[in-house]
Amino acid sequence: AQTVTQSQPEMSVQEAETVTLSCTYDTSESDYYLFWYKQPPSRQMILVIRQEAYKQQNATENRFSVNFQKAAKSFSLKISDSQLGDAAMYFCASEPSYNTDKLIFGTGTRLQVFP
Amino acid sequence: NAGVTQTPKFQVLKTGQSMTLQCAQDMNHEYMSWYRQDPGMGLRLIHYSVGAGITDQGEVPNGYNVSRSTTEDFPLRLLSAAPSQTSVYFCASSYQGAQGYTFGSGTRLTVV
């Protein structure tokens, strides 16, 4: 069974600075997908970034990038030039490529951004 | 495109009552799922479907029922509400899962 662990319940960062959110996962599969979702106070779940495990290159979406370490089963999210609008809950999630109907989430990290 | 539409947004039930949470998507997605979100526990999968007529249980299916008669709709039924079912419920859909899921705006359910 897959598990996803986010060991940082809360993080904070100053506006314009960089912050990294940690995520580790456990799977016996060789091929899978990893995601970061953002949940602002509006409650809406928003896909931030996606990584395919068979690709060694780290995914990047504007100010958001990941550090994917397959051997260590680590998938951290880096937010550069943090903005007040980045304040939200961030969830790491994974799904095996053979069974993409099961998206498994971590418990989330609450990010606060200070001006 | 409306995306994924969930109704109602808020609901209060008495213990023992039944109700249906509605979920509809207009993106022709085959995959649809229901999650519940509780403080400190992230999102947990209740039931999911890979197409019309096909459903399966997730991590926490007890007390819930689903059906998928059309591609667009995936209602979640609470058979006999219990206080432990107080939660925020999310419906999500995806073309085939690998590109990520689109979520509805959630239903906050309180069982008293």
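Scroll up for the structure.
Below is a summary of the structure that appears in this document. (Residues numbered from 1 in each chain as written. Chains lettered and ligands numbered in written order. Predicted model: local features only at pLDDT ≥ 70, side-chain atom pairs only at ≥ 80, totals over all residues. Heavy atoms only, no water.)

Topic: the sheet that holds strand β3 (residues 19-25) of chain B
Residue and element names in this part refer to chain B. The strand order across the open sheet formed by 4 strands is β1-β3-β8-β7, and the pairing between neighbours is antiparallel. Looking at strand neighbours, the two that pair on one side only are β1 (4-7) and β7 (64-66), the edges of this open sheet. Across the sheet, the mean angle from the axis of one strand to that of its neighbour is 20°, orientation sign disregarded. Sheet topology places β3 next to strand β8 (residues 76-78); 3 bridges connect them, and they run antiparallel. Within the sheet, the bridge partner assigned to Thr20 lies in β8 and is Arg77. (Pairing = 2+ DSSP bridges. Helix = DSSP H or I, 4+ residues; strand = E, 2+ residues; numbered from the N terminus. Axes fitted to C-alpha atoms, helices over the stretch in contact; angles between N-to-C directions.)

Brief notes about the packing of aromatic side chains
Residue and element names in this part refer to chain A. Per the counting criterion, the structure on display carries 12 aromatic pairs over all chains. With a centroid separation of 6.3 Å and an interplanar angle of 25°, the aromatic rings of Trp36 and Phe75 are classed as stacked. Here Trp36 is found in strand β5 (residues 32-39), whereas its partner Phe75 is found in strand β9 (residues 74-79), with 39 residues between them in sequence. Note on Trp36: relative accessible area 0%, which makes it buried. (Phe/Tyr/Trp six-rings, centres within 6.5 Å; stacked < 30°, edge-to-face > 60°. Buried < 20%, exposed > 50% of the residue type's maximum accessible area, 1.4 Å probe, protein only.)

Overview of the interface of chain A and chain B
In this assembly, 18 residues from chain A lie in contact with 27 residues from chain B. Buried surface at the junction of chain A and chain B, both sides included, amounts to about 1800 Å², of which 51% is carbon and sulfur. At the boundary of chain A with chain B, the tally comes to 0 salt bridges. The tally of links between chain A and chain B comes to 6 residue pairs in polar contact (both at pLDDT 80 or more). (Contact = heavy atoms within 4.5 Å. Buried area = accessible area lost by both parts, 1.4 Å probe. Salt bridge = Lys/Arg side-chain N within 4 Å of Asp/Glu carboxyl O. Polar contact = N/O pair within 3.5 Å; in protein donor to acceptor, adjacent residues only side chain to side chain.)

Topic: the pattern of salt bridges
Proximity of charged atoms lets side chains of opposite charge pair with each other. Residue and element names in this part refer to chain A. Applying the stated criterion across every chain yields a total of 6 salt bridges over all chains. Among the salt bridges present, the one from Arg63 reaches Asp86, with a minimum N-O distance of 2.8 Å. Of this pair, Arg63 sits in the loop between β7 (60-61) and β8 (64-69) while Asp86 is found in the loop between β9 and β10 (88-96), placing the two residues 23 residues apart along the sequence. Considered together, Arg63 and Asp86 belong to a single accessibility category, that of buried residues. The structure contains a network of salt bridges with shared partners spanning Arg50, Glu52 and Lys55.

A look at unusual backbone geometry
Of the consecutive residues Thr7(B) and Pro8(B), the connecting peptide bond is found in the cis state with omega at -5°. Looking at the element boundaries, Pro8(B) is found in the loop between β1 and β2 (10-13).

Considering the state of the cysteines
All names here are of chain A. According to the stated counting rule, one finds 2 disulfides over all chains in the structure shown. Disulfide pairing is shown between Cys23 and Cys92; the S-S distance is 2.0 Å. Judged by the sign of its S-S torsion, about -70°, the cystine formed by Cys23 and Cys92 is left-handed. Here Cys92 lies in strand β10 and Cys23 lies in the loop between β3 (19-21) and β4 (24-26), a separation of 69 residues in the sequence. (Disulfide = S-S within 2.5 Å.)

With respect to the environment of Glu72(B)
Residues and elements named next belong to chain B. Secondary-structure assignment places Glu72 in the loop between β7 and β8. When its relative accessible area of 37% is taken as the criterion, Glu72 is described as partly exposed. Among all residues touching Glu72, those that are not within four sequence positions of it are Cys23, Ala24, Gln25 and Met32.

Considerations on the environment of Thr18(A)
All names here are of chain A. Within the secondary structure layout, Thr18 lies in the loop between β2 (10-14) and β3. The class for Thr18 is partly exposed, based on a relative accessible area of 46%. Setting aside its immediate chain neighbours within four residues, Thr18 contacts Val13, Lys78, Ile79, Ser80, Asp81 and Ser82.

Functional significance is not addressed by these values, which are geometric in nature.
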